[in-house]
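The residues making up each chain are set out below.
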Amino acid sequence: MTAQVDYLVVLFTATSGASGELLGSDEKELVQLAWQLVDVKNKTLGRVNELLIKPDLSDLTEEKEEEDVVEESQEEENGSGDCVSTATSIDSALNLFNLQLTNEVNSASAGTSLCLCTDGQLHIRQVIHPEAASKNILVPDCFHSFFDLRKEFKNHFPASDLKTLNAHVMAESLSIPVDTPTTWDPSASQDPSAALPAEVAVQQVRLLASIVLALLSDPFCHTFSNPDRVSERFESGTCSKMEKVCDNTVIRARGLPWQSSDQDIARFFRGLNIAKGGAALCLNAQGRRNGEALVRFVSEEHRDLALQRHKHHMGNRYIEVYKATGEDFLKIAGGTSNEAAMFLSREDQIIVRMRGLPFTATHEQVLAFFSPGDGLKETCPVSGGKDGILFVRYPDGRPTGDAFVLFACEEHAQCALRKHKEILGKRYIELFKSTAAEVQQVLNRFSSAPLISVAPAPLVSVLPTMSLLPPPGGVRDCLRLRGLPYTASIEDILTFLGEFTHDIRPHGVHMVLNQQGRPSGDCFIQMTSAERALQASQRLHKHVMSSQRGANSRYVEVFPCSAEEMGLVLMGGSLSHTHTHTHTRSRSGTGLSPPPCLSPPSYSFTPVPPVLPTEAAALYPPIGPVLLAPRPLPPGHAYYPASAQLYMNYTAYYPSPPGSPTTMGFFPAPSSLSPGGLVRMPGLPYNGSGVKDLINAVQGYQYTPEDALMHAHGPMHAHDPARTLLTQPKEWVCI
């Protein structure tokens, strides 16, 4: 809209909850609408209209309700010139508003174009549209564009701050008299969470209308020509990894239902403008949705409004909303594949994901899968034929069993989804409604390094020569709780700590989840001091914790630990005690489980005694000095070197709300590392297979490859009573 409109409709809304700058932040329902028509050309004002929304709790018929509305409106109109109406729901209220507004414009006969005008963004974006979307109500077209009076005022007063502007400030700047005792001032020291009195809406509308007339008159002669727009629907699209995304436009939504789509996310943020292709659902390490999404808005203003919807509801679930970065969004939604770009270039298409395809599946088989069967009338043709099918492959060209299929409309897509778990070849196929961002994310996962890497089993040749243990001597100002009930929540943990709750640092409760995203029974707590951490461990160790969400209760072990030890576990390691005498125990896995447990106060190592007496060592010059003075095991270093790739193989970082899980730090390693140490392993079985068993036993512990030793019991020889060592260069046998 470039030309000035004929009428401005000054609108003010009130809910049953918070007001002012917190309007709409508490999901309270709309209870009052007030508006006044402004003739832009003639600079005249119409009557003030008020619409009250009161749920009808009686068994009145529709005819009786209409009679009540007409009688009440007529009665008020005869008294003060204002029109007061009543509606029983937001649906009927919006329809009645549109009807009365249209009748008033037609009766004025000075033009037909009109646009809403409000004091700020909240009345339209945070009140009308969110409530209508949550109740599946279609709002009239007039609510999709409006003028923000604060922005129009700022054009003539550039020094004004939009966040501090309100009707009173604008009226004082324009020298408009304000009846202070009777007019509500949003900047006054009032409780913003309290509901407004009923008469405030009418007062605000009259004051805003006076401000509009002042801007239209000399010396400002303002032109209302470029209104703000509210997107009617979400537009899907693609995003390149080379694209620049502003950090101040991205949020992270957490707690989404697993079956939610990008359209559901757009419906949750209805009223705010999401950028094209700006809703990206996140996947876990198994390629399944993890209940999180990254959403990119068109501006920082819309991002800030989205943050006010923290813990608003999507169905029966509340959604947590946090700040995120542009880099986070590009990791999920950004792509570089030309094949995917061509596939997603067809706009207004519905995407369906196929999972579990046979590795030999072809385009023809997929087309035949979606073709109608014998005697069936339902059709779900694939849009574009073979061009509407995208197979996901590994970098070497091998199929992954996943594919994406395009459909022209929602009806065809729903028909296709009804084939969920039908058979193709000898396998049943899972079907899910998908998004463009999910296509990019799946392709990124299989065609390049995974987003959450899984550490391979360590090999001797690639092990760095450094210790896996945390550095000793750290301040043990943290607590580790082990053996929690799996249903325990953060509230249960705080109840268990009792008086020590006051000593917890802000956002200092960290749950540890396993690879499946379920509670592992461990928890770390950051305390304000080491003394309080020690007192808590001594008083609460092996006390019983109960869970509010389950009948089970367990005793909990409480240990003091340092921040380095906590970081080691949260980054994927383990501090669990391992019994070295269980030789037949399987040591499969990634090998990132350094001993010992957290109970010792520090990691100290006693001097290593000589392996041989001095007299015996003198008989073997090449190795005697080594055995007389073996290298001691040096103090531990950082768990991960600064340049190492971060693995999350066993645990996942789960901060306590409202901390946003955007970054994970790790401890930098020193630039130079000390040499390794000599390890003695007595008590090995007689039937051991040699070096292979030893490597498996020490898997994950770094040592110098050229100093690799093999220790095994052998038969005692009569000519060697001193039980000395056989001088073999790489395999030393102790007999």
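J.: Could you give an account of the overall build of the chain, naming the residues involved and the relevant values?
T.: Each helix and strand counted, the chain has 19 helices and 26 strands in total. Across the 735 residues of the chain, 46% fall into the buried class. Accessible area for the chain stands at about 37,000 Å²; split by element, carbon and sulfur atoms hold 54% of it.

J.: Hey, could you go over the packing of aromatic side chains for me, with residue numbers and the actual values?
T.: Applying the stated rule across the entire model yields nine aromatic pairs. Relative to Phe-97, the ring of Trp-35 lies with its centre 4.7 Å away and its plane at 80°, an arrangement referred to as edge-to-face. With Trp-35 in strand 2 (residues 30-39) and Phe-97 in helix 2 (residues 90-108), the pair connects residues that are 62 residues apart, well separated along the chain. Assessed through its relative accessible area of 0%, Phe-97 is described here as buried. Cluster of aromatic residues (ring-pair linked, three or more members): Trp-35, Phe-97 and Phe-143. Positioned above the aromatic ring of Tyr-486 is the side chain of Arg-554, whose terminal nitrogen or guanidinium carbon lies 6.0 Å from the ring centre.

J.: Describe the pairing of strand 21 (residues 478-482), and please don't skip the residues or the numbers.
T.: Along strand 21, five of the five residues are buried, which leaves the element largely enclosed by surrounding structure. Of the two faces of strand 21, the one lined by Cys-478, Arg-480 and Arg-482 and the one lined by Leu-479 and Leu-481 are each fully buried. In this structure, strand 21 lies alongside strand 23 (residues 519-527), joined through five bridges in antiparallel fashion. Paired with Cys-478 across the strands is Gln-526, a residue of strand 23. Pairing geometry for strand 21 and strand 25 (residues 553-561), over five bridges, is antiparallel. Counterpart to Arg-482 in the pairing with strand 25 is Glu-557.

J.: I'd love a proper account of the sheet that holds strand 20 (residues 430-434), names of residues and values included.
T.: Judged by pairing direction, the sheet is antiparallel, and its four strands sit side by side in the order 16-17-15-20 without closing on themselves. The open sheet has two edge strands, strand 16 (389-393) and strand 20, and neither has a second partner. Averaged over all adjacent pairs, the angle separating strand axes in this sheet is 25°, with direction ignored. In this structure, strand 15 (residues 350-355) lies alongside strand 17 (residues 399-407), joined through six bridges in antiparallel fashion. Looking at strand 17, one finds that Arg-355 is bridged to Asp-402.

J.: An account of helix 9 (residues 326-333) is requested, with residue identities and associated values reported.
T.: Working note: α-helix, 3.6 residues per turn, so residues spaced by three or four point in the same direction. Of all eight residues in helix 9, six are buried, a share of seventy percent or more. Listed in full, the buried residues belonging to helix 9 are Gly-326, Asp-328, Phe-329, Leu-330, Ile-332 and Ala-333.

J.: Requested: an account of the nonpolar core, with residues and values cited.
T.: Counting residues in hydrophobic clusters, the biggest one holds 50 residues, and the most contacted among them are Leu-33, Phe-97, Phe-143 and Phe-269. The element best represented in this core is helix 2, accounting for seven residues. Once you skip the residues sitting within four places of it in the chain, Leu-33 turns out to touch Leu-11, Phe-12, Thr-13, Asn-49, Glu-50, Leu-51, Leu-94, Phe-97 and Ile-128. Among the nonpolar cores identified, the runner-up in size contains 26 residues, and Cys-115, Phe-147, Met-170 and Leu-174 belong to it.

Parameters and conventions
- Residues numbered from 1 in each chain as written.
- Predicted model: local features only at pLDDT ≥ 70, side-chain atom pairs only at ≥ 80, totals over all residues.
- Heavy atoms only, no water.
- Helix = DSSP H or I, 4+ residues; strand = E, 2+ residues; numbered from the N terminus.
- Buried < 20%, exposed > 50% of the residue type's maximum accessible area, 1.4 Å probe, protein only.
- Areas by Shrake-Rupley, 256 points an atom, 1.4 Å probe, with all protein chains shown as cover.
- Phe/Tyr/Trp six-rings, centres within 6.5 Å; stacked < 30°, edge-to-face > 60°.
- Lys NZ or Arg CZ within 6 Å of the ring centre and 35° of its normal.
- Pairing = 2+ DSSP bridges.
- Axes fitted to C-alpha atoms, helices over the stretch in contact; angles between N-to-C directions.
- Core = buried A, V, L, I, M, F, W, Y, C linked by side-chain atoms within 4.5 Å.
- Contact = heavy atoms within 4.5 Å.

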